[in-house]
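Examining the three-dimensional arrangement
Letter by letter, the chains look like this.
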Amino acid sequence: MHQPASASEPPTPPGPRTAGLLVAALTLIVLIFNLFLSFERYRLLRSGWPWDLAYYNQWAWSLTHGDGTLTVRPLAAYATEGPSAWKTNYLAPIRYLILPIYALHPEPRTLLAIQCILFWLVLPAAYGLVRSETRSIRAGLLILPLVLLTPLLWPLALNDFRELQLAIPFALFAVRGVRERSIGWTALGVMGLLACRQEYAMLVASLAVVPPQVRDPAPVRFRWAAALWFTGLGWFLIVFFGFLVWTSGPRTPSHYLDLFGGPRPGWLELAWAILQVVLLGLGPWLLLGAAAPRVLLIALPWLWSLVTGRWAMRMIGTLDWHHVRYTAPYVASGLAAGLIGASRIWRFARWLPQTRTLRLIGVAWTTLVLLLASTWVLERFARIPYPISPDEAATLWTWFRRVAPDDGVLAHYDVTAPLSSRRELYSYVLHPNEPPGYPDRLPASVRWVFSKGVQVPPQALQSQGFRLVHAGPVIYVWHRPAPPPKRTSDSITNPDFDDSYDRHTANEPAPDGEKSLQGEPNR
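1. Section: helix 6 (residues 108-119)
Over its 12 residues, helix 6 extends 16 Å from the first C-alpha to the last, a length consistent with the 16 Å expected when each residue adds 1.5 Å. For helix 6, the buried fraction is high: 10 of the 12 residues fall into the buried class. Listed in full, the buried residues belonging to helix 6 are P108, T110, L111, L112, A113, I114, Q115, C116, L118 and F119.

2. A look at helix 21 (residues 355-381)
With 27 residues, helix 21 should reach 39 Å at 1.5 Å per residue; the first-to-last C-alpha distance of 38 Å fits that figure. Every buried residue of helix 21 is listed here: T355, R359, T366, L370, A373, S374, V377, R380 and F381.

3. Topic: the side chain of Q464
Along the chain, Q464 turns up in the loop between helix 23 (458-463) and strand 4 (467-471). There is a polar contact of 2.8 Å between the side chain of Q464 and the backbone oxygen of A460. Each residue touching Q464, except ones within four places of it in the same chain, is listed here: P439, D440, R441, L442 and R480.

4. Overview of the pairing of strand 1 (residues 408-411)
Here strand 1 shows no split at all, with G408 and L410 on one side and V409 and A411 on the other all buried. As paired elements, strand 1 and strand 3 (residues 446-452) share four bridges and run parallel to each other. If you follow A411 over to strand 3, its bridge partner there is F450. Of the pairings in the sheet, the one linking strand 1 to strand 2 (residues 425-426) comprises two bridges and is parallel in character. Paired with V409 across the strands is L425, a residue of strand 2.

5. So, the packing of aromatic side chains
Here the structure, examined in full by the defined rule, presents 23 aromatic pairs. For the ring pair F236 and F240, a centre distance of 5.6 Å and an interplane angle of 40° mean the geometry is tilted. Taken together, the residues span about one helical turn, with F236 and F240 both in helix 14 (residues 218-248) at a distance of four residues. No difference in accessibility class separates F236 from F240, as the two residues are buried. Taken together, Y42, W397, W399, F400, W448 and F450 form an aromatic cluster joined through their ring pairs. It is R95 that lies over the ring of W59; its NZ or CZ is 5.0 Å from the centre. R197 extends its terminal NZ or CZ atom over the ring of Y90, reaching a point 3.7 Å from the ring centre.

6. Section: the nonpolar core
Within soluble globular proteins, side chains that are nonpolar tend to cluster in buried spots. The biggest cluster of nonpolar side chains holds 142 residues, and the ones touching the most others in it are W120, W285, Y330, L339 and F450. By residue number, the principal contributor to this core is helix 20 (residues 328-348), which donates 11 residues. The contact partners of W285, leaving out residues within four places of it in the chain, are I143, L146, V147, T150, G334, L335, G338, L339 and L370.

7. Some words on unusual backbone geometry
Put simply, Y438 and P439 share a cis peptide bond, and its omega is -5°. Here P439 is to be found in the loop between strand 2 and strand 3. Phi at R181 is positive, roughly 60°, even though this residue is not glycine. Along the chain, the position of R181 falls in the loop between helix 11 (168-180) and helix 12 (183-195). Although it is not a glycine, R197 sits at a positive phi angle of roughly 140°. Tracing the backbone through its elements, the reader meets R197 in the loop between helix 12 and helix 13 (200-206). A relative accessible area of 3% means that R197 is categorised as buried.

What counts and what doesn't
Residues numbered from 1 in each chain as written. Predicted model: local features only at pLDDT ≥ 70, side-chain atom pairs only at ≥ 80, totals over all residues. Heavy atoms only, no water. Helix = DSSP H or I, 4+ residues; strand = E, 2+ residues; numbered from the N terminus. Expected span 1.5 Å × (residues − 1). Buried < 20%, exposed > 50% of the residue type's maximum accessible area, 1.4 Å probe, protein only. Polar contact = N/O pair within 3.5 Å; in protein donor to acceptor, adjacent residues only side chain to side chain. Contact = heavy atoms within 4.5 Å. Pairing = 2+ DSSP bridges. Phe/Tyr/Trp six-rings, centres within 6.5 Å; stacked < 30°, edge-to-face > 60°. Lys NZ or Arg CZ within 6 Å of the ring centre and 35° of its normal. Core = buried A, V, L, I, M, F, W, Y, C linked by side-chain atoms within 4.5 Å.

By themselves, these observations are geometric and do not establish any function.
Here it is in structure tokens:
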């Protein structure tokens, strides 16, 4: 007769309070490390997609410090953001919830910090889910290093601020609540998911198939399944589609659904894409999830949508890596299935001989597979090419600091994020992002141009009074002084106007000792 698990466990496992402190300490360490990496990437102008970060920042800034209008307007096939900050392509109430925090320090790094804090709630959420499933503090603690090794987790954590990525811990809370039949955990998870973008409404609806830990009466199961199913579908079909009709017109919902149509890859290509996303995206989590097949069902639709849609693992090593955000629902649901499957295997091992040895082998095998997959992903992540060098980024920051808060700016995407806490920020990369009159009659409020080389016609800028004040290896900086105030017979001078900067800009040294370009021929 086999001994129960308690006989094979070490005699002094950590207590609940000690375990809670360990989880909190690990979460804090990872959070600080992520903050450092995110802030450093922002300083080096290596955001996942600067125009998107500029949009989120200008959106929040316009509602807390501006007039509620946008000039940064990302494109979508079915609708265009703005110019009112209230017109958005996506339904993500969490944006409004973070505005009071953002208002305390209105700049992109605040959004990066909020992303890190919410994202790494995944660690206490994973610990709570596994402990709930296994009734073992040790199992909950052992799972945390494995969660940190999840291959796609770090690219998601470093992908600036995006609502899709904030939902991962809420998915674990929701699954735990459904499994425990806890109204509190379920409500927290479901409300968090629905706040993080409309796609998660379908994940909420799919939670209807997740079974409870302890079988309950049929009427109870029906009420839980119906509540989850109709909450998810109702949010998507009524709230989200109603929101699109209200903001963008009656045909917008059908245009949105068109995104999920189009040609599909061949079967060989599809099989290869599935293999990559399974083995290199989540490692063994989906395989472990096979031990909890009904929970695994909630992850499979997201896997299919990835490999037939806008994401492929090959993007990790390119500038298109920021599309990794589309893997967030897959990572959330797949990780939940894997954690519950691993918990079931952990419990099953108590009835086998050499329980502790088998569990150790299982943890070691999971660690090895996760480590290999994570190494591949992070090695590809390190290959991403960035045109702006660290030295040029440092020089550009000195120019960013010279831009007055009320100055309008025209900039290449690569440098828009640090310049986005203002009313007017434009880009010339795509026509809808251009300012009125581009390039020959820019608005008088546009005082600065940060162009990639001479992509903006130099002759057009010079004819409008712009002067080339810095020419870097990648980014050129143009500036034109503010026009002097109109003089009247009653006021010959304006004591509030100080043009000393503009009068002396041509003669003062450029940042970091660079030679001034005033008077030099056009490049």
